[in-house]
Amino acid sequence: MAKLTETKYLKQQKGRLHIANFLAAMNYQDDDLQTTIKIMRKRLLEILQRESSAVINKPQTVRKIIFKFGGSKTVLHKHDDIEKDSRNASRFETLMCKRQKKSEEGVTDFIKSVGGSEAEFVIEKRLTVSDVTPNQGRLLIPVLQLKNKKGFLTADEETMMGNKEDVSVWVFDPERRKSTLNLAKWRMSKECYVLKTNWNHVVKTNGFKEEMVIRVLSFRVDHQLCFLLDRVA
């Protein structure tokens with residue numbers, strides 16, 4: 001029993017020490033209780049504001065804190081990181097990775113299903129106004145933005161381009177519908193490949209709009225140059 005009493009006494013002493021240190025840090029004044037309450041509230045709010053700014057870009061929730069002192073009550077709200085939200089974000093990233101992998105596998109399977117090979121990632125492009133305007137009727141593919149710097153043309157196709165001749169290509173849209181378009185190379189302010197002739201049909205049937213992002217891949221069926229379009233966003 002004596003041992004229990006001694007333990008309680010030590011806990012009380014430790015508690016008093018913590019309280020004393022806390023009051024000293026808050027500039028506690030015995031002769032002006034109301035001023036002390038205001039100072040303590042101000043200090044607590046400053047601490048919470050610093051902590052909130054440190055986690056402003058992280059998943060958060062609001063936790064209510066009730067501080068009682070001198071017969072009055074102050075309610076504060078603190079923003080905390082939530083472990084559950086972090087786990088959800090991790091699950092979302094994993095899901096997106098799986099979907100992307102599944103999409104890539106679907107593209108590979110489709111190319112194989114039509115007898116295709118030599119698949120190359122050409123470009124990922126955010127569509128501009130001119131890409132979807134009917135009186136323009138073409139998709140610009142800037143040479144400097146090509147993912148494969150070696151290009152996707154054969155020597156004979158390069159020669160045709162050099163002679164300002166178009167190359168007939170097959171284009172498969174996001175729904176895997178095939179259209180025949182012409183590929184040209186234009187020398188504007190920047191050198192660009194251009195998908196034209198029936199491009200307006202591709203835009204209309206797929207509902208392509210300005211700011212949409214599409215991914216373009218090239219491949220070949222025997223010697224025929226083909227392009228595959230996928231909607232990214």
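Up top is the structure.
In this text, all values refer to a predicted model and were calculated from it rather than measured experimentally.

1. Looking at the packing of aromatic side chains
- In total, this model carries five aromatic pairs according to the counting rule given.
- Measuring from centroid to centroid gives 5.0 Å for Phe 152 and Tyr 193, while their planes differ by 50°, and the two rings are tilted. With Phe 152 in the loop between β4 (138-142) and α5 (155-162) and Tyr 193 in strand β7 (residues 191-196), this residue pair connects regions lying 41 residues apart in the sequence. Neither Phe 152 nor Tyr 193 differs from the other in exposure class; each is buried.
- Residues Phe 152 and Phe 227 carry aromatic rings whose centres are separated by 5.4 Å and whose planes lie at 85° to one another, so their mutual orientation is edge-to-face. Residue Phe 152 is located in the loop between β4 and α5, and its partner Phe 227 is located in strand β9 (residues 224-231); the two are separated by 75 residues in the primary sequence.
- Classification of Phe 152 by relative accessible area gives buried; the value is 10%.
- Counting every residue linked through ring pairs, the aromatic cluster contains Phe 110, Phe 172 and Phe 219.
- Across from the ring centre of Phe 110, 5.3 Å away, lies the NZ or CZ of Arg 176, which sits over that ring.
- Positioned over the ring face of Trp 170 is Lys 178, at 3.9 Å from the centre of the ring.

Conventions we followed
Residues numbered from 1 in each chain as written. Predicted model: local features only at pLDDT ≥ 70, side-chain atom pairs only at ≥ 80, totals over all residues. Heavy atoms only, no water. Phe/Tyr/Trp six-rings, centres within 6.5 Å; stacked < 30°, edge-to-face > 60°. Helix = DSSP H or I, 4+ residues; strand = E, 2+ residues; numbered from the N terminus. Buried < 20%, exposed > 50% of the residue type's maximum accessible area, 1.4 Å probe, protein only. Lys NZ or Arg CZ within 6 Å of the ring centre and 35° of its normal.

Functional significance is not addressed by these values, which are geometric in nature.
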